[in-house]
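This is what each chain is made of:
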Amino acid sequence: AQKVTQAQTEISVVEKEDVTLDCVYETRDTTYYLFWYKQPPSGELVFLIRRNSFDEQNEISGRYSWNFQKSTSSFNFTITASQVVDSAVYFCALSEAYTGRRALTFGSGTRLQVQP
Amino acid sequence: KAGVTQTPRYLIKTRGQQVTLSCSPISGHRSVSWYQQTPGQGLQFLFEYFSETQRNKGNFPGRFSGRQFSNSRSEMNVSTLELGDSALYLCVSSLEQGARTDTQYFGPGTRLTVL
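Cut-offs and rules
Numbering of residues starts from 1 in every chain and runs along the sequence as written. Chains and ligands are labelled by the order in which they are written, letters from A for the one and numbers from 1 for the other. Per-residue local features are limited, in this predicted model, to residues with pLDDT of at least 70; the limit for side-chain atom pairs, both in listing and counting, is 80 or more; totals at the level of whole chains, interfaces and linings are taken over all residues. Calculation of side-chain values draws on the structure's entire complement of heavy atoms; hydrogens and water are dropped beforehand. Put plainly, a pocket is an open set of points on a 1 Å grid over the protein atoms alone with protein on both sides within 12 Å along at least five of seven lines, a cavity is a set where a 1.4 Å probe fits but cannot get out, and a lining residue has an atom within 4 Å of a point. Grid points are joined across faces, edges and corners, and a volume is the space filled by probe spheres set on the points. Secondary structure follows DSSP: runs of H or I at least 4 residues long count as helices, runs of E at least 2 residues long count as strands, and numbering of each begins at the N terminus. Three residue categories are used. Nonpolar comprises Ala, Val, Leu, Ile, Met, Phe, Trp, Tyr, Cys and Pro, charged comprises Asp, Glu, Lys and Arg, and polar comprises the others, including Gly. Categorising residues by exposure relies on relative accessible area from a 1.4 Å probe, with only protein chains included: less than 20% of the type maximum marks a residue as buried, more than 50% marks it as exposed, and the intermediate range marks it as partly exposed. Pairing between two strands is assigned when DSSP locates at least 2 bridges connecting them.

Enquirer: Run through the layout of surface pockets, naming residues and quoting values.
Expert: In this model, the largest pocket occupies a volume close to 650 Å³. As for the largest pocket, its lining consists of 31 residues, of which Gln39(A), Val89(A), Phe91(A), Arg111(A) and Gln37(B) are closest to the centre. Ranked by residues supplied to the lining of the largest pocket, first place goes to strand 12 (residues 110-115) of chain A with four residues. The class makeup of the residues in the lining of the largest pocket is 11 nonpolar, 17 polar and three charged. When contributions to the lining of the second largest pocket are tallied by element, the ones reaching two or more residues are strand 11 (105-106) of chain A together with strand 5 (42-50) and strand 6 (53-57) of chain B. Here the lining of the second largest pocket gets three residues from one element, more than from any other, and that element is strand 5 of chain B. Grouping the constituent residues of the lining of the second largest pocket by class yields six nonpolar, six polar and four charged.

Quick look at the structure:
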């Protein structure tokens with residue numbers, strides 16, 4: 001069975017601070033995908049990144065960066081120089097990689113509040 | 001390109017009633033999945049449809065059902081509503097071009113309140 005743990009329920013930072021959201025996962029699959037989604041107050045989940053289990057390269061996209069470490073089953077997300085617009089609930093998710101078994105298993109989410 | 005659309009956006013029903021929610025995926029996308037989001041249970045997978053066939057199902061009672069039409073539009077139905085069915089129901093659309101998974105795009109959701 002798959003499991004995703006986001007131990008941080010809520011994080012509050014002041015604008016321009018860096019913040020890291022933790023994600024730890026469990027799976028017996030050798031091939032899988034990891035995701036991060038953002039859910040702003042409007043409710044719609046916004047896709048941020050998908051990472052293949054074979055690709056452990058860290059990724060950077062603007063102020064966002066992701067650190068995938070298979071050895072510790074972690075896929076952490078860092079926001080550099082946070083902004084008020086980053087305030088949202090962030091979900092880490094895991095899926096199998098094959099057609100027909102792509103259901104996402106979500107963590108419980110981390111609510112990020114960025115204060116001005 | 002238009003995103004995933006869901007109708008209605010808000011719905012209020014009473015216990016025992018049934019409800020049908022609708023989802024139109026992104027044009028050209030062939031896979032539609034449904035998720036339920038509640039404060040207590042978080043985001044949980046309901047089912048996935050591809051080419052009008054249910055391909056995968058989550059751990060929900062038979063009161064929850066769905067279908068997909070030839071134009072990829074999907075509906076989900078909940079019969080004999082219970083208070084615990086109050087939730088945000090999210091539709092997900094993906095292209096399904098090959099054997100590997102691709103990006104899954106979420107719709108804005110339908111917020112169902114059961115009184």
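Enquirer: Before we move on, can you summarise the pairing of strand 5 of chain B with the specific residues and values?
Expert: Within a regular beta strand, the side chains point alternately toward one face of the sheet and then the other, so they alternate between its two faces. Residues and elements named next belong to chain B. With eight of nine residues buried, strand 5 lies mostly within the body of the structure. Note that strand 4 (residues 31-38) and strand 5 share eight bridges and pair antiparallel. When the sheet's bridge partners are listed, Tyr 35 is paired in strand 5 with Phe 45. Counted along the chain from strand 4 to the antiparallel partner strand 5, the turn is three residues long. In this structure, strand 5 lies alongside strand 6, joined through four bridges in antiparallel fashion. In the strand pairing of strand 6, Tyr 49 is matched with Gln 54. Connecting strand 5 to the antiparallel partner strand 6 that follows it, the hairpin turn spans two residues, and Ser 51 within it adopts a positive phi of roughly 50 degrees.

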